[in-house]
Amino acid sequence: MRPIIYTTQRTGSTIVTDTLGNLCMQHSGYKSVLYEYFSIQPDFKVGYKKDNDIITIDEYERVSTKWYTYPMDELSYRLSLIDNDYNYMIKVMSDYPDYFKDIIESIVRTNFEVVYLERKDKVKQLISYLGTLQTNVSHYSQHPSNIYHSTKLMDKPIIYSIEQTNQFIDNLKKYKQFKDNNPSKYPTIYYEDFLELGGNEQSLIEILNLDITDYKPIEITTIPTPYSKKESEDHIINKKDWLTDKQRIIDVLQQI
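Below, the structure is looked at part by part. (Residues numbered from 1 in each chain as written. Predicted model: local features only at pLDDT ≥ 70, side-chain atom pairs only at ≥ 80, totals over all residues. Heavy atoms only, no water.)

## Quick look at the overall build of the protein chain
Regarding its fold elements, the protein chain presents eight helices and nine strands. Relative to its length of 256 residues, the protein chain is compact, with a C-alpha radius of gyration of 18 Å against a globular reference of 18 Å. Viewed in the frame of its principal axes, the protein chain has a C-alpha envelope of about 55 × 45 × 40 Å. Classification of the 256 residues of the protein chain by burial places 48% in the buried group. (Helix = DSSP H or I, 4+ residues; strand = E, 2+ residues; numbered from the N terminus. Rg over C-alpha atoms; globule rule 2.2 N^0.38 Å. Buried < 20%, exposed > 50% of the residue type's maximum accessible area, 1.4 Å probe, protein only.)

## Here's the deal with the nonpolar core
In this structure, Tyr 37, Phe 38, Ile 90, Val 92 and Ile 189 are the most contacted members of the largest nonpolar core, which totals 49 residues. The greatest single-element share of this core, amounting to five residues, is contributed by helix α1 (residues 13–27). Apart from the residues lying within four places of it in its own chain, the contact partners of Val 92 are Ile 4, Ile 5, Tyr 6, Thr 7, Phe 38, Ile 104 and Val 108. Counting residues in hydrophobic clusters, the runner-up holds 16 residues, among them Val 123, Ile 127, Tyr 129 and Ile 169. (Core = buried A, V, L, I, M, F, W, Y, C linked by side-chain atoms within 4.5 Å. Contact = heavy atoms within 4.5 Å.)

## So, the packing of α1 against helix α7 (residues 201–208)
Two elements in contact, α1 and α7, have axes separated by 9 Å at closest approach and are oriented at 80°. In terms of orientation, α1 and α7 fall into the roughly perpendicular class. Every residue of α7 that contacts α1 at Val 16, Thr 19, Leu 20, Asn 22 and Leu 23 is listed here: Glu 201, Leu 204, Ile 205 and Leu 208. Counted by class, the contact of α1 with α7 contains six nonpolar, two polar and one charged residues. (Axes fitted to C-alpha atoms, helices over the stretch in contact; angles between N-to-C directions. Parallel < 35°, antiparallel > 145°, perpendicular 65-115°, else oblique. Nonpolar A, V, L, I, M, F, W, Y, C, P; charged D, E, K, R; others polar.)

## Re the sheet that holds strand β5 (residues 89–93)
Strand order in the open sheet made by the five strands is β2-β5-β1-β6-β8, with parallel pairing throughout. Of all strands in the sheet, those with a lone pairing partner are β2 (33–35) and β8 (189–190), marking the two edges. (Pairing = 2+ DSSP bridges.)

## Describing the pairing of strand β4 (residues 54–62)
Two elements, strand β3 (residues 44–51) and β4, share eight bridges in a ladder whose sense is antiparallel. Along β4, the bridge assignment pairs Lys 49 with Thr 56. Counting the residues in the hairpin turn of β3 and β4 gives two residues, including Asn 52, whose phi is positive at 50°.

## Quick look at unusual backbone geometry
The backbone of Asn 52 sits at a positive phi, close to 50°, despite the residue not being glycine. Even without being a glycine, Asn 84 presents a positive backbone phi close to 65°. Relative to the helices and strands, Asn 84 resides in the loop between α2 (71–82) and β5. With a relative accessible area of 64%, Asn 84 lands in the exposed category.

## As for the pairing of β5
Counting buried positions along β5 yields five of five residues, so the element is predominantly enclosed. Of the two faces of β5, the one holding Met 89, Lys 91 and Met 93 and the one holding Ile 90 and Val 92 are both buried throughout. The sheet contact formed by strand β1 (residues 3–7) and β5 spans three bridges and is parallel. Residue Tyr 6 lies in a different strand from β5, and its bridge partner there is Val 92. Relative to β5, β2 runs parallel, the two sharing two bridges. Paired with Tyr 35 across the strands is Ile 90, a residue of β5.

Below you can see the structure in the form of structure tokens.
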């Protein structure tokens, strides 16, 4: 078993990566969890190092300005670091640029068994996506030692943006295209089902039909976005624009 997660933003991919990675480190010889190893994002600075033949994260920071000069140089560095040793838990987001497409997709097809992760409620996923882009905060954790540590309530306003919404829709389309062209032997993980089953390793064992009975669970410290309002949609401040376009968006999302 050498799984890799293929997904889109705001699907609970961090907790799924952590729990599946924990199972793979105990049963599939994985060395560590590298999260979005193939993603080079201007506002998401991650540094990697290699000690004793194991790659680990040594820097993580949300930034407001682009931190690299050429994204291909950073990807090339990471590929040289991994050096064809793909015994790592990685999640691949579908929003990689077109000039990464052939490289990343070839690596995924050749070296891994794809596990797809989706969210059933794509309207809530969209609102979470808008919130992350506009606040530059993507994760919340209840533990200070976690690299994602942030316990503040999400009390910021969210602006409905047509441009960012179209970007989100494009990412979903790219995800679906890859999924249609690359069937998986595993059932698709739906975030809502994962949470309903407990949001832990046992949830994944049940969903993916894994033949695993013995494992040591990890401490789960990341938490869902703690919105200060009853519904995430209540954070949208340009309500008229949102409500005018909402049904069209729902119709588009249902067709993807």
